[in-house]
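Now for the letters of each chain:
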Amino acid sequence: MSQLYQSLSHSEWDCKYHIVFTPEHCLTTIFGEIRKFLGPIFHELARQKECRIIEGHLMPDPVHMCLEIPPKYAVASVVEFFKGKNAIARQFSGKQRNFNGENFWARGYAVSKVGFELEAVRHCIREQEIADKGGQF
């Protein structure tokens, strides 16, 4: 049982989520060009929040990831942390500041708790990879 769960000072936990979010509609062409660079960026952002990306894939439009999040962080705050890093948008758009109110990521996201269906979710994400090999991370 200890192999399934991780521990904090006063809790044992196993919190995995399937998260899907997309770039802003007008940026899908830009996203197609830079998505190969986003995998390492997402892994670094996950480490900063003490999270772990179990499986991930960047389709030409949506981002699919299976993410392990400690219970001390809300899922919404972690997703917004990933999407709120405007340095990603500035780095790839060549702008120093975002004067036009442009957003790199669309406003919403989808999330579901994985629980014991981890292999089913990983299989679903891998099926996305069959359709598109360029965005695996």
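Reading the values: rules and limits
Residues numbered from 1 in each chain as written. Predicted model: local features only at pLDDT ≥ 70, side-chain atom pairs only at ≥ 80, totals over all residues. Heavy atoms only, no water. Salt bridge = Lys/Arg side-chain N within 4 Å of Asp/Glu carboxyl O. Buried < 20%, exposed > 50% of the residue type's maximum accessible area, 1.4 Å probe, protein only. Helix = DSSP H or I, 4+ residues; strand = E, 2+ residues; numbered from the N terminus. Core = buried A, V, L, I, M, F, W, Y, C linked by side-chain atoms within 4.5 Å. Phe/Tyr/Trp six-rings, centres within 6.5 Å; stacked < 30°, edge-to-face > 60°. Lys NZ or Arg CZ within 6 Å of the ring centre and 35° of its normal.

Enquirer: What's the story with the pattern of salt bridges in this structure? I'm lost.
Expert: Where side chains of opposite charge bring their charged atoms close, a pairing between them can arise. If you walk through the whole model with that rule in mind, you get six salt bridges. A salt bridge links D14 to K16, with the shortest nitrogen-to-oxygen separation between them at 2.2 Å. In this structure D14 comes out as buried when scored by relative accessible area, which is 17%. The exposure class of K16 is buried, given its relative accessible area of 10%. Across the pair K16 and E68 runs a salt bridge whose closest N-O atoms are separated by 3.6 Å. Note that K16 is positioned in strand 3 (residues 16-21) and E68 in strand 5 (residues 63-68), a separation of 52 residues in sequence.

Enquirer: What is the right way to read the nonpolar core from this model?
Expert: Nonpolar side chains in soluble globular proteins tend to end up buried together. Core analysis: the biggest nonpolar cluster contains 24 residues, and I19, F42, M65, L67, I69 and F82 have the highest contact counts within it. When residues of this core are traced back to their parent elements, those giving at least two are strand 3, helix 1 (28-48), strand 4 (52-58), strand 5 and helix 2 (75-83). Core analysis: the next-biggest nonpolar cluster, separate from the first, contains six residues, I54, C66, L118 and V121 among them.

Enquirer: Can you help me understand the packing of aromatic side chains in this one?
Expert: The description of two aromatic rings rests on the distance between their centres and on the angle between their planes. Applying the stated criterion across every chain yields a total of four aromatic pairs. Look at F21 and F42: their rings are 6.0 Å apart centre to centre, the planes differ by 90°, and that puts the pair in the edge-to-face class. Of this pair, F21 sits in strand 3 while F42 sits in helix 1, placing them 21 residues apart in sequence. Taken together, a centroid distance of 5.1 Å and an interplanar angle of 85° make the contact between F21 and W105 edge-to-face. Separated by 84 residues along the polypeptide, F21 in strand 3 and W105 in the loop between helix 3 (86-93) and strand 6 (110-113) bring together distant segments of the chain. Of the residues examined, F21 reaches a relative accessible area of 2% and is grouped as buried. For W105, a relative accessible area of 5% translates into the label buried. Directly above the aromatic system of F81 lies the positively charged group of K49, at a separation of 5.0 Å from the ring centroid. Here K113 stacks its cationic end above the ring of Y17, 5.4 Å away from the centre of that ring.

Don't take any of this as a statement about function, it's just geometry.
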